[in-house]
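Summary of structural features
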Amino acid sequence: MSRYKNIELDNHLVGVIRHMNAVEEYREVLQNLQTVWDNLTLLGQLSGTGTDMSGTRQAFNQLTGALLNQLGSETLKKCVLEMTAKAQVAIDILVRNLFERTADIGFLATDDDIRQFLMRAAEGGSNVRAGRELRPMREELTARFAEYVAKYSVYSDIVLLDTEGNVLARLDEAADVCQTADPLLRAALETDGAYVETYGPCDLLPDRERALIYSFRVTDAEGNAIGVLCLCFRFENEMERIFANLATPEDWSVILLLDAEGTVIASSDGFHIPLGARVEPVLDEEYRIVRFAGREYLAATCATHGYQGYRGPGWVGHVMLPVQHAFNKDASEMLRGVDAEVLQTVMDSPSLFGDALRNVPFQADHIQRDLNRSVWNGNVRQSSAKRALNPSFSKILLWEISNTGSRTKDVFARSIANLHETVVSAILQDSRFLASLAIDIMDRNLYERANDCRWWALTSAFRDILAAPQMPPGGADCMTAILQTINGLYTVYSNLMVFDADGRVLAVSQPGEAALVGKVLQEDWVRHVLALPDSQGYAVSPFAATPLYGGRHAYVYGAAICAPEGDRVVGGVGIVFDGEPQFAAMLQDALPRNEAGEVPAGCFGAFVDKSGRVIASTHEAYRPGSRLPLEAGFLAGLGRTAGSAAIVRLEGSYYALGARLSSGYREYKSAQDAYRNDVAALVFIPLCEAVAREQVAEMPRLNVRSDRSVEGETVEIATFHVGQTWFGLRSAQVVEAVDHAGMTAVPGAGSDFAGYLMYQGVPIPVFDIRSMANAGPARENVERTVIVLRKGETAHFGILADGLGEIPEVLVSRLQPMPGLLAGGNVLAEAIVSTESARKENLLVVLSVDRIAARLVAAAGELVAAIPLNPRRESAATTVLAEQKAV
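First things first, this report covers the structure right here in the doc. Quantities reported herein were computed from a predicted structural model and do not represent experimental measurements.

1. Here's the deal with the overall build of the chain
- When its secondary structure is counted, the chain shows 15 helices and 37 strands.
- Here the analysis covers contacts within the chain between residues at least 6 apart in sequence; of these, 63% occur between residues at least 24 apart.
- If you sum the accessible surface of the chain, you get close to 40,100 Å²; carbon and sulfur atoms cover 50% of it.

Right under this line is the structure:
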């Protein structure tokens, strides 16, 4: 612990709390109140009222520290969670993308057109590039590269090299590079892996300081290397897209990618933290306060979780946030659309908060009860003992203590509400962020599926075989072998198929689906495929149960196969996306995790269409094709540009629901894409059970007109309430109010006898008068107080009260006596006095200590044994005699 402006703070808050405006505001208010309490404590000691505020002052000081620590910790936690989420997503989304690139290079390097060109080039000698006979082939290959990049727009260039590094063909023909000496050439020719991944300066791209290139060797039929293929990834363009999804205009955080040496290789704000800068990764703790360019930052770093065993080039995601701007977000912004009653139910639930956080309101309530009791006792002592040196001053002092207590209670209530709002808003923000992550993963994944079917439809063997007047010998086997090779590399598909212009299946990739061969596909998506106008088009089936996926719900992507001349459609490619495990894995990767890396109980995710029909879900109850029972209008109100968050009721519980509608990725689902399919990602985080809040009605305030300034004999009435009713007692008959903690029940004593309480070293009997006083139903969730009453000169006992009121001074003439023989002599009241309220005039019943004692003796017999008020050592016989004389 460390001291900050006279407050004991956790060490991790000292460097940042001064930047937390809301916490600083509460600190100033609470410390001003602390000064008031210091003054009131001193005045109480000097006034002679016997009101010692030192305990309240100390408890207030301790709670102030606990409250500020909790406020600061939750504010910091919310900020750090947001930072780490951005860092994690930045690197993980990129790694997912790059994983696809590793598959692309491996597959494209086996392309027959590329292989044939290289073999022809090798036959033409060293002057191939200038050779006339290769020019048409090079133009065709360049056009093929253009077709590839038109679909896989993540690439800026494709370069084909011979084994000596000579550039034989490339998409960017304007590049004036004839040969490369880059080490990637030798690495691609010699690697035992499936690809070579390089990042740095490369002579193939002299206009770039650094480039991310995927390369692999091309081999002949015997496996001999005959060239190297290079795919140049649009790294800067891709990072701009990732950063744009993570950062907002009002966001001060800078999202970075760092290489293994801590060098910035991508920055969401290059003017703030430029490329090439060196920063220290923070991998050994959640965050760290660091300095960069003369400014303090919160910094957080995340290594990738990896994807399908691939962990990328060894980079990390890193977020830096200027400390002075880190905590300026309004936590209540996320809660503005939440129903107030629902929000209060959630904030009242203990399940969201740790023990330290849950204890804060209990501590505040305990301080307030002690304070109310101290003020009440001060007024009682003043009226009974007349010890105050200046009665008027003492009354004002006690009033000021009470007023300061109310102000303190209000500050505590507001700060605790702020604390709870911070926790709930953080959960809502997390759910919205994770939903955005889930739909981004889905869009990026399905972008690849739309690309795959279109590219595979351009396979020369497919085009030649299907354009022939009749199936060539071995044609079906050739297509089957190609499909099996593709499916072996791209395992996200349950089956691949080629069909002719009539929709008849000619070849499949999975032996288990061989029964499809020869059958005519009747589904609508097949007709759409066969009607596509060019190689950029594709069609997707509705998400529905299909025999192509064993009767389960699936998306099937398709593209048209055109004749080599391009003048007619001769068939199509159909690829069945294995959505059940793939969508489940996407959702699982987007769910929140606890400190152990596990998904918290009750959290689940779903992909749904705008009608609420489930596409995928991690919850067993919501299977594909079923409907999520969400409120009408929630999904319809989703926009494409931003996510939403709400608290919803589902199956008897409240959830934080984050939602984001699909907005596509690159060309997929863009304005230029004819495909439309509104899908939303939903992330549910459980909050609490959706039970009706217990409405604990406040006791109506008691207003008894004070006669202090009126001439005449007066008496002070100490008021309190039991059950649903206010009562009064003559202050002279009251000793004080004490905490009921430590009271011991007596088995079999009856409901009116509450037990014994040690008071001034002696056990006294305590009674519950609610039933005999007809006080109405018991009040729930209240900490009861024992009012110690004086019986005669030497004995006293206690009664339980649910709360304490004011001690007004009233004229004796206002007391209307109650006859002692009323109700057979069992009445507890000695008088009634009128009270005032906003709506009508009521009566306050003033109880008689003697009549209470008499009733209790009759009801409880020997258990009502009075204990001497000022006990002294007496013989057992004397004690028994005193008990017998108590009535």
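2. Some remarks on helix α7 (residues 340-348)
- Regarding α7, the residues found buried are V342, L343, T345, V346 and M347.
- Its side-chain oxygen placed 3.0 Å from the backbone nitrogen of E341, D339 serves as the N-cap of α7.

3. Regarding the packing of helix α2 (residues 54-108) against helix α6 (residues 235-246)
- At a closest axis distance of 10 Å, the pairing of α2 and α6 adopts a crossing angle of 140 degrees. When the axes of α2 and α6 are compared, the pair comes out oblique. The hand of the α2/α6 crossing is right-handed. Together, K86, V89, A90, I93, L94 and N97 of α2 and F235, E238, M239, I242 and L246 of α6 make up the contact between the two elements.
- For the contact of α2 with α6, a count of residues per class yields eight nonpolar, one polar and two charged.

4. Points about helix α11 (residues 475-489)
- In a regular helix each residue adds 1.5 Å, so 15 residues correspond to 21 Å; α11 covers 22 Å between its end C-alpha atoms and thus fits that length.
- Restricting attention to buried positions, one finds in α11 the residues G475, M479, I482, L483, I486 and N487. Projected down its long axis, α11 shows its buried positions confined to an angular sector of 130 degrees, all on one face. Opposite the buried face of α11, by more than 90 degrees, sit the exposed residues D477 and G488.

5. Here we look at unusual backbone geometry
- Despite not being glycine, E651 shows a phi value in the positive range, around 50 degrees.
- If you trace the backbone, E651 turns up in the loop between β22 (644-650) and β23 (653-661).
- Within the chain, R666 stands out as a residue other than glycine whose phi angle is a positive 50 degrees.
- One can find R666 in the loop between β23 and β24 (679-689).

6. Focus on the sheet that holds strand β4 (residues 167-170)
- Taken in spatial order, the five strands of this open sheet run β4-β3-β7-β6-β5, and their pairing is antiparallel. Every interior strand has two partners, whereas the edge strands, β4 and β5 (196-200), have only one. Taking each pair of neighbouring strands and ignoring which way they run, the sheet shows an average axis angle of 25 degrees.
- As paired elements, strand β3 (residues 155-161) and β4 share three bridges and run antiparallel to each other. When the bridges of β4 are listed, V159 appears paired with R170.

7. Here's the deal with the sheet that holds strand β8 (residues 254-258)
- Pairing within the open sheet is antiparallel, and its five strands lie in the order β9-β8-β12-β11-β10. Unpaired on one side and paired on the other, β9 (264-267) and β10 (288-292) mark the two borders of the sheet. Strand-to-strand twist across the sheet, computed as the mean angle between neighbouring axes with direction ignored, equals 35 degrees.
- Relative to strand β12 (residues 316-322), strand β11 (residues 295-303) is paired through seven bridges, and the arrangement is antiparallel. When the sheet's bridge partners are listed, Y297 is paired in β12 with P322.
- Against the sheet, α2 engages β8, β11 and β12, with an angle of about 50 degrees to β11.
- Against the sheet, α6 touches β8 and β9, its axis set at about 55 degrees to β9.

8. Some words on the pairing of strand β29 (residues 762-767)
- The buried fraction of β29 is high, at five of six residues.
- The sheet contact formed by β29 and strand β31 (residues 795-801) spans two bridges and is parallel. From the neighbouring strand, F767 faces β31, where its bridge partner is I799.

9. A few points about the pattern of salt bridges
- By the definition in use, this model includes 29 salt bridges.
- For the salt bridge of E100 with R449, the shortest nitrogen-to-oxygen distance reads 3.7 Å. A residue pair is termed long-range when its members are at least 10 positions apart, and E100 in helix α2 and R449 in helix α9 (residues 391-456) qualify at 349 residues. In this pair, the class of E100 matches that of R449, namely buried.
- Note that D609 is salt-bridged to R613, the shortest N-O span being 3.1 Å.
- The partly exposed category is assigned to R613, whose relative accessible area is 23%.
- A cluster of three or more residues bridged by salt bridges with shared partners is formed by E238, D440, R444 and R666.

10. What to know about the pairing of β8
- Among the five residues in β8, five count as buried, and that is most of the element.
- Because side chains alternate across β8, one face comprises the buried residues V254, L256 and L258, and the other comprises I255 and L257, equally buried.
- By the bridge criterion, five bridges tie β8 to β12 in an arrangement that is antiparallel. Bridged to L258 within β12 is V316.
- Between β8 and β9, which follow one another and run antiparallel, lie five residues, and G262 among them has a positive phi close to 85 degrees.

11. As for the packing of aromatic side chains
- Going through the model one piece at a time under the given rule, you end up with 31 aromatic pairs.
- Seen from their ring centres, Y199 and W315 are 5.0 Å apart, and the 75 degrees between their planes marks the pair as edge-to-face. Of this pair, Y199 sits in strand β5 while W315 sits in the loop between β11 and β12, and the two are 116 residues apart along the sequence.
- Residue class for Y199 comes out partly exposed when judged on its relative accessible area of 23%.

Rules used throughout
- Residues numbered from 1 in each chain as written.
- Predicted model: local features only at pLDDT ≥ 70, side-chain atom pairs only at ≥ 80, totals over all residues.
- Heavy atoms only, no water.
- Helix = DSSP H or I, 4+ residues; strand = E, 2+ residues; numbered from the N terminus.
- Contact = heavy atoms within 4.5 Å.
- Areas by Shrake-Rupley, 256 points an atom, 1.4 Å probe, with all protein chains shown as cover.
- Buried < 20%, exposed > 50% of the residue type's maximum accessible area, 1.4 Å probe, protein only.
- Polar contact = N/O pair within 3.5 Å; in protein donor to acceptor, adjacent residues only side chain to side chain.
- Axes fitted to C-alpha atoms, helices over the stretch in contact; angles between N-to-C directions.
- Parallel < 35°, antiparallel > 145°, perpendicular 65-115°, else oblique.
- Left-handed = near helix turned anticlockwise from the far one by under 90°.
- Nonpolar A, V, L, I, M, F, W, Y, C, P; charged D, E, K, R; others polar.
- Expected span 1.5 Å × (residues − 1).
- Arc of directions from axis to C-beta.
- Pairing = 2+ DSSP bridges.
- Salt bridge = Lys/Arg side-chain N within 4 Å of Asp/Glu carboxyl O.
- Phe/Tyr/Trp six-rings, centres within 6.5 Å; stacked < 30°, edge-to-face > 60°.

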